Amino acid sequence: MARTKGLLSGKQKAAVLLISLGPDVSAQVYKYLSEEEIEKLSLEISSVNKVDSGMKEEVIEQFHQIALAQDYISQGGIGYAKTVLEKAFGKQEASNIINRLTSSLQVRPFDFARKADPQQVLNFIQNEHPQTIALVLSYLEPEQAGQILSELSQEVQADIASRIATMDSTSPEIISQIEQVLERNISTSYTEDYTQTGGIQAVVEVLNGVDRSTERTILDALEIREPELAEEIKKRMFVFEDIVILDNRAIQRVIREVENDDLQLALKVASEEVKDLIFKNMSQRMAETFKEEMEFMGPVRLRDVEEAQTRIVAVIRRLEDIGEIVIARGGGDDIIV
């Protein structure tokens, strides 16, 4: 390899590193690479005739520094990593390490907030514009976002839920501005990129993390303002396969309430876990009859199965609304005494 140490490309450094690590360790590394990466790296390794000790030491040291930086980032973000690296290697070398790492590293915005206490995040965003709050919540873990949404005033909850559901991609400039506000309080900064945020599924996951009272308040408000959106959210809040989170008493209540034909259709493509749970909560005779009738049913249209499952889900949500059953979710409403 004729190039000087400072001019090695990334692939050449990777080749030198694997040669230095030896065949056994390199073989383990290969397990985590794609076929294309393996092909390119193997070609690079094959072109290396000799690795002098100075080159080897520099590449290993650089790899060690980047590994340390990644570990520090996972602990507290890039800001924390830079502070620690500056103490260890000085400002200039720390900047070099971070630059080498972040040239290929993409850290999802608001990663620091996902590690923070929800109450802490709430304190910093509760007085922000609803669109700003919606953006931050869409990046958090659903459980975190649900807790924060539950604590916000009822006047803005539905508005924020609507904004999350209708949010699309957000420019790095806007993300940067919002992150800078939080950065002053939680001491971190992150790389920028266009990231898909929000959407109906995002608000569904958030609502699954709130207490039942908050969910009702938000959905009732959305039904008035945006009935189609509210209906779509409700459809996704609980799907047929989620029946496994119900307790035995609730499942028995559902079995009594739904049409047998619908249940037989719904079970045609259900998972074994769902089938076992349903049959376990039937009498032996009823379970045997169900299995026989399902066998003789023959092929059915997927659309018919999905419609049957939708009707069953509607029954489950109605039973929950009238207090007949409880669906496990975040918050204190689900505590049974």
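Residues numbered from 1 in each chain as written. Predicted model: local features only at pLDDT ≥ 70, side-chain atom pairs only at ≥ 80, totals over all residues. Heavy atoms only, no water.

Remarks on the overall build of the chain
Inference 1: When helices and strands are tallied, the chain shows 19 helices and two strands.
Inference 2: In the chain, buried positions account for 41% of the 337 residues.
Inference 3: Within the chain, residue pairs in contact and separated by at least 24 positions form 75% of the contacts whose partners lie at least 6 positions apart.
Inference 4: Only carbon and sulfur atoms are counted for the fraction: they give 49% of the accessible area of the chain, which is about 18,800 Å². (Helix = DSSP H or I, 4+ residues; strand = E, 2+ residues; numbered from the N terminus. Buried < 20%, exposed > 50% of the residue type's maximum accessible area, 1.4 Å probe, protein only. Contact = heavy atoms within 4.5 Å. Areas by Shrake-Rupley, 256 points an atom, 1.4 Å probe, with all protein chains shown as cover.)

Here we look at the environment of Val254
Inference 1: The topology assignment puts Val254 in helix α15 (residues 248-257).
Inference 2: The class for Val254 is buried, based on a relative accessible area of 3%.
Inference 3: Not counting the four nearest positions on each side in its chain, Val254 is found in contact with Leu246, Ile312, Ile316, Leu319 and Ile325.

Observations concerning the nonpolar core
Inference 1: Counting 38 residues, the largest nonpolar core has Leu137 and Ile233 as its most contacted members.
Inference 2: For this core, the secondary-structure elements that each account for two or more residues are α7 (118-125), α8 (130-139), α9 (142-151), α10 (154-165), α11 (172-186), α12 (200-207), α13 (212-225) and α14 (227-237).
Inference 3: In terms of residues, this core owes the most to one element, α8, which gives six residues.
Inference 4: Membership of the second largest hydrophobic core comes to 28 residues, among which are Leu246, Val254, Ala270 and Ala287. (Core = buried A, V, L, I, M, F, W, Y, C linked by side-chain atoms within 4.5 Å.)

Quick look at α7
Inference 1: Those residues of α7 lying buried are Pro118, Val121, Leu122 and Ile125. Buried residues of α7 fall within an arc of 105 degrees about the axis and therefore sit on the same side. (Arc of directions from axis to C-beta.)

Concerning the pattern of salt bridges
Inference 1: The tally for this structure, following the rule as stated, stands at eight salt bridges.
Inference 2: Of the charged contacts, one joins Arg225 and Asp159 as a salt bridge, the two residues approaching to 3.6 Å between their closest N and O atoms. Here Asp159 lies in helix α10 and Arg225 lies in helix α13, a separation of 66 residues in the sequence.
Inference 3: Asp159 sits in the buried class, given a relative accessible area of 17%.
Inference 4: Where Arg301 meets Asp304, a salt bridge forms, and the shortest distance between an N and an O atom there is 3.1 Å.
Inference 5: Residue Asp304 is classed as partly exposed on the basis of its relative accessible area, which comes to 23%. (Salt bridge = Lys/Arg side-chain N within 4 Å of Asp/Glu carboxyl O.)

What to know about the environment of Leu277
Inference 1: Its place among the elements puts Leu277 in helix α17 (residues 272-280).
Inference 2: Accessibility expressed as a relative area gives 14% for Leu277, which makes it buried.
Inference 3: Along the backbone, Leu277 and Val244 are 33 residues apart, and their C-alpha atoms lie at a distance of 7.1 Å.
Inference 4: If we ignore the near neighbours within four places in the chain, the residues touching Leu277 are Ile243, Val244, Asn248 and Ile251.

What to know about the confidence of the model for the chain
Inference 1: Within the chain, residue pLDDT values average 75, and 74% of them lie at 70 or more.
Inference 2: At the low end of the mean pLDDT range in the chain sits strand β2 (residues 195-196), at 48; at the high end sits α15, at 93.
Inference 3: In the model, residues 1-6 has pLDDT below 50 throughout and makes 15 contacts with residues more than four positions away in sequence or in other chains.
Inference 4: Residue range residues 188-196 is modelled with pLDDT below 50. Its contacts to residues more than four positions away, or to other chains, number 37 contacts. (pLDDT = per-residue confidence, 0-100.)

Considering the side chain of Lys275
Inference 1: Looking at the secondary structure, you find Lys275 in helix α17.
Inference 2: In contact with Lys275, not counting residues within four places along its chain, are Leu267, Lys268 and Ala270.

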